[in-house]
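# Descriptive structure summary
Chain by chain, the residues:
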Amino acid sequence: GALLALSKPPGLPVTGRPGELSLSALLPALRRRLDLPAELHVVKAPTRYNWGVLGGVSVAASPHPGLRAIATPRECSGLVLLSGCHRATDQLQQFFTAARRRGQFPATYCAVTVGVPAEAQGEIRTGLRWQQQGDTAAVVPVLSPGRRSLARKEVKSTLTRYRVLGAAGGCALLQLQPKTAFPQQLPVHLTLLLCPALGDHEHSSRVGRVLGVPFLLPPEAARTHTQV
């Protein structure tokens with residue numbers, strides 16, 4: 001059967017209520033347009049597990065395991081993997097589920113960043129936790145998490161590997177491979193590189209500049225604003 005990858009725009013949910021516009025509701029029309037013999041269904045869809053509300057482009061699959069009826073936030077964009085073969089769908093989902101249970105995350109993301117990392121490739125290791133800031137909760141880094149906080153699961157050790165694919169005009173194209181899964185992991189990790197993702201209006205304010213030199217602001221001191 002057919003195996004397709006579609007680029008889903010933000011604002012379009014994967015599933016929805018009867019009569020609501022969603023990707024699943026459009027699949028029959030897509031099947032007819034492509035003249036495919038079998039019904040299409042979703043194998044994997046982008047989630048906000050690593051990217052938050054950013055448009056992270058998942059080249060392989062999201063590290064968060066999903067089922068055929070996975071509900072994806074409207075804000076997320078990225079590649080959706082579709083299949084016209086139930087057997088292939090089941091095998092792929094079993095592969096991703098088994099990989100996650102082994103602590104492996106077969107996902108590769110690409111991001112355009114404002115700023116170019118000092119090193120062409122490397123790793124970002126830090127603890128991450130939720131922190132209440134006023135009326136909202138935010139994911140903040142914990143550079144040296146204690147054993148007790150890790151044991152109580154108040155903080156999670158996270159790791160992302162990155163590689164610079166190209167750079168121009170003060171921006172860079174990065175390849176990102178998260179080795180752990182935590183909400184908003186990738187955009188927060190990019191701020192630690194002092195290279196926030198282009199379009200990240202939630203975390204980019206944590207990177208300030210003085211005379212063109214970037215520096216990291218404490219999350220509580222960085223007011224969220226539209227990235228310029």
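Look above for the structure.
Report on the accompanying structure. Quantities reported herein were computed from a predicted structural model and do not represent experimental measurements.

The helix and strand tally for the protein chain stands at 5 helices and 11 strands. Taking all 228 residues of the protein chain together, 40% fall into the buried category. Summarising the internal contacts of the protein chain: among those between residues at least 6 apart in sequence, 67% fall at separations of at least 24. When the accessible surface of the protein chain is split by element, carbon and sulfur atoms take 55% of a total near 12500 Å².

Attention now moves to the nonpolar core. Core analysis: the biggest nonpolar cluster contains 13 residues, and Tyr109, Tyr162, Leu174, Leu176, Leu190 and Leu193 have the highest contact counts within it. Of all elements in the fold, only β5 (109–114), β9 (171–178) and α5 (185–192) reach the threshold of two or more residues within this core. Sorting elements by how many residues they give to this core places β9 first, with 3 residues. In this structure, Val14, Leu23, Ala45 and Val80 belong to the second largest nonpolar core, which totals 8 residues.

Time to look at the pairing of β9. Only one face of β9 is covered, namely the one carrying Ala172, Leu174, Leu176 and Pro178; the face carrying Cys171, Leu173, Gln175 and Gln177 has none of its residues buried. Here 6 bridges tie β5 to β9, and the two strands are oriented antiparallel to one another. Its bridge partner lying in β9, Val114 is registered against Cys171. In this sheet, β9 lies alongside strand β8 (residues 156–168) in antiparallel orientation, the contact comprising 8 bridges. When the sheet's bridge partners are listed, Ala167 is paired in β9 with Ala172. As consecutive antiparallel partners, β8 and β9 are separated by 2 residues, and within that stretch Gly169 has a phi angle of approximately 60 degrees, a positive value.

On to the pattern of salt bridges. Tallied over the full model, the rule gives 3 salt bridges. Between Arg125 and Glu123 there is a salt bridge; the shortest N-O distance is 3.1 Å. For Glu123, a relative accessible area of 39% corresponds to the partly exposed category. Taking the shortest distance from any N to any O, the salt bridge between Arg161 and Glu123 comes out at 3.0 Å. Placement of Arg161 in strand β8 and of Glu123 in strand β6 (residues 121–133) is noted, with a sequence separation of 38 residues between them.

Before going further, it helps to spend a moment on helix α1 (residues 23–34). With 12 residues, α1 extends 15 Å from end C-alpha to end C-alpha; this agrees with the ideal 16 Å at 1.5 Å per step. Directly beyond the C-terminal end of α1, a positive phi value near 55 degrees is found at Asp35.

Our next topic: the sheet that holds strand β1 (residues 3–8). In spatial order, the strands read β1-β4-β2; together these 3 strands make up an open sheet with antiparallel pairing. Each having just a single partner strand, β1 and β2 (41–44) make up the two edges of the open sheet. For this sheet, the mean angle separating the axes of adjacent strands, direction not counted, is 40 degrees. Bridge count for β2 against strand β4 (residues 78–83) is 3 bridges, and the pairing is antiparallel. What sits directly across from His41, in β4, is Ser83. Sheet strands in contact with helix α3 (residues 86–101) are β1, β2 and β4, and its direction is about 25 degrees off that of β2.

Scanning the entire structure with this criterion turns up 1 aromatic pair. Both rings, one in Phe95 and one in Phe96, keep their centres 5.2 Å apart while their planes meet at 65 degrees; by these two values the pair is edge-to-face. For Phe95, a relative accessible area of 43% corresponds to the partly exposed category.

The rules behind these values
- Along each chain, residues carry numbers from 1 onward, in the same order as the chain's sequence is written.
- In keeping with the model being predicted, local features are shown solely for residues with a pLDDT of at least 70 and side-chain atom pairs are shown and tallied solely at 80 or more, while totals for entire chains, interfaces and linings include all residues.
- Excluded from the side-chain calculations are hydrogens and water; all other atoms, namely the structure's heavy atoms, are used.
- Under the scheme used here, helices are H or I runs from DSSP no shorter than 4 residues and strands are E runs no shorter than 2 residues, and both carry numbers assigned from the N terminus.
- Three labels apply to residues, based on accessible area from a 1.4 Å probe with only protein chains included: buried if under 20% of the type maximum, exposed if over 50%, partly exposed otherwise in between.
- Contacts: residue pairs with any heavy atoms within 4.5 Å of one another.
- In this description, accessible areas are obtained by the Shrake-Rupley approach with a 1.4 Å probe, and a residue is regarded as covered only by the protein chains that are shown.
- In plain words, nonpolar cores are sets of buried Ala, Val, Leu, Ile, Met, Phe, Trp, Tyr and Cys residues tied together by side-chain atoms within 4.5 Å.
- For two strands to be treated as a pair, DSSP must find no fewer than two bridges joining them.
- Salt bridge, as used here: a side-chain nitrogen of Lys or Arg that lies within 4 Å of a carboxyl oxygen of Asp or Glu.
- For a helix, the expected span equals 1.5 Å multiplied by the residue count minus one.
- A fitted line through C-alpha atoms serves as each axis, taken over the contacting stretch for helices, and the angle formed by two N-to-C directions is quoted from 0 to 180°.
- Put simply, two rings from Phe, Tyr or Trp (the six-membered ring, in Trp's case) pair if the centres are within 6.5 Å, and we call them stacked under 30 degrees between planes, edge-to-face over 60, tilted for the rest.

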